[in-house]
Amino acid sequence: HPSGPECRGHPDVIPHAVPPEKLRDIARKIPLAMLEEYMFVGNADDIAARLRPYIKAGVDHIILGDWTGLTFAPDEVGRLFSTQLPRLRQLLSAM
């Protein structure tokens, strides 16, 4: 793990409490391919496209873990929730 062998992941990382230099150092150690596999990043259309194979394979439930609040200002989070989540719901319902 980029944060060391004792790191438990999310419980040990509060990005706003970690110095920016440390976050940059950690980020450089994370392979982009791993990040792209682990997280579905993008707008509603991007995420729906990534979920499509799972839905076609018969998945019954999708749980979204939203990280928007860690990367965007609060007013931007509201805008994204009001546009992208309804769009994602629409796309997934049509599959």
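Being a predicted model, the structure only gives us computed values, none of them experimental. (Residues numbered from 1 in each chain as written. Predicted model: local features only at pLDDT ≥ 70, side-chain atom pairs only at ≥ 80, totals over all residues. Heavy atoms only, no water.)

Trainee: So what exactly am I meant to see when it comes to the overall build of the protein chain here?
Mentor: Secondary structure assignment for the protein chain yields 5 helices and 0 strands. Secondary structure elements in the protein chain, listed N-terminal to C-terminal, are α-α-α-α-α. A total of 95 residues make up the protein chain; the buried ones form 15% of that total. In the protein chain, 54% of the contacts between residues at least 6 apart in sequence involve partners at least 24 apart. (Helix = DSSP H or I, 4+ residues; strand = E, 2+ residues; numbered from the N terminus. Buried < 20%, exposed > 50% of the residue type's maximum accessible area, 1.4 Å probe, protein only. Contact = heavy atoms within 4.5 Å.)

Trainee: Before we go on, may I ask you to explain a nonpolar patch on the surface in this structure?
Mentor: Residues Tyr54, Val59, Ile62, Leu64, Phe81 and Leu85 make up a contiguous nonpolar surface patch of about 510 Å² in total accessible area. Looking at the element boundaries, Val59 is found in the loop between α3 (44–56) and α4 (68–71). (Patch = residues over 30% accessible without salt bridge, like charges linked within 9 Å, V, L, I, M, F, W, Y side chains within 5 Å. Areas by Shrake-Rupley, 256 points an atom, 1.4 Å probe, with all protein chains shown as cover. Salt bridge = Lys/Arg side-chain N within 4 Å of Asp/Glu carboxyl O.)

Trainee: Looking at this structure, I do not really get the pattern of salt bridges. What am I missing?
Mentor: Where charged atoms from two side chains of opposite charge come close, those side chains can pair. If you walk through the whole model with that rule in mind, you get 2 salt bridges. Asp25 serves as the salt-bridge partner of Lys29, at 3.3 Å between the closest nitrogen and oxygen. Remark: Asp25 and Lys29 occur in helix α1 (residues 20–29); sequence separation between them is 4 residues, near one turn of the helix. Its salt-bridge partner being Asp45, residue Arg87 comes within 2.7 Å of it at the nearest N-O pair. You can see Arg87 sitting in helix α5 (residues 74–93) and its partner Asp45 sitting in helix α3, a full 42 residues away along the chain.

Trainee: What is the right way to look at α3 in this model?
Mentor: The α-helix winds at 3.6 residues per turn, so residues separated by three or four positions along the chain end up facing the same way. A rise of 1.5 Å per residue sets the reference length of α3, with its 13 residues, at 18 Å; its end C-alpha atoms lie 18 Å apart and thus fit the reference within 8%. At Arg50, α3 shows its largest kink, close to 35°, and the proline Pro53 lies no more than four residues downstream. Within α3, burial applies to Ala44, Ile47, Ala48 and Leu51. Where α3 starts, the residue carrying a side-chain oxygen 3.0 Å from the main-chain nitrogen of Asp45 turns out to be Asn43. Once α3 finishes, Gly58 follows within two positions and takes phi at roughly 105°, a positive value. (Expected span 1.5 Å × (residues − 1). Bend = angle between axes of the 7 residues up to and from the residue. Polar contact = N/O pair within 3.5 Å; in protein donor to acceptor, adjacent residues only side chain to side chain.)

Trainee: Please clarify how the nonpolar core should be interpreted in this entry.
Mentor: General note: in soluble globular proteins, nonpolar side chains tend to be found buried as a group. With 6 residues, the main nonpolar core is built from Ala44, Ile47, Ala48, Leu51, Leu88 and Leu91. Listing elements by their share of this core, those giving two or more residues are α3 and α5. Take this core: its biggest share by element is 4 residues, from α3. Contacts of Leu51, omitting those with residues within four sequence positions, involve Phe40, Ile62 and Leu92. (Core = buried A, V, L, I, M, F, W, Y, C linked by side-chain atoms within 4.5 Å.)

So yeah, pure geometry; function would need other evidence.
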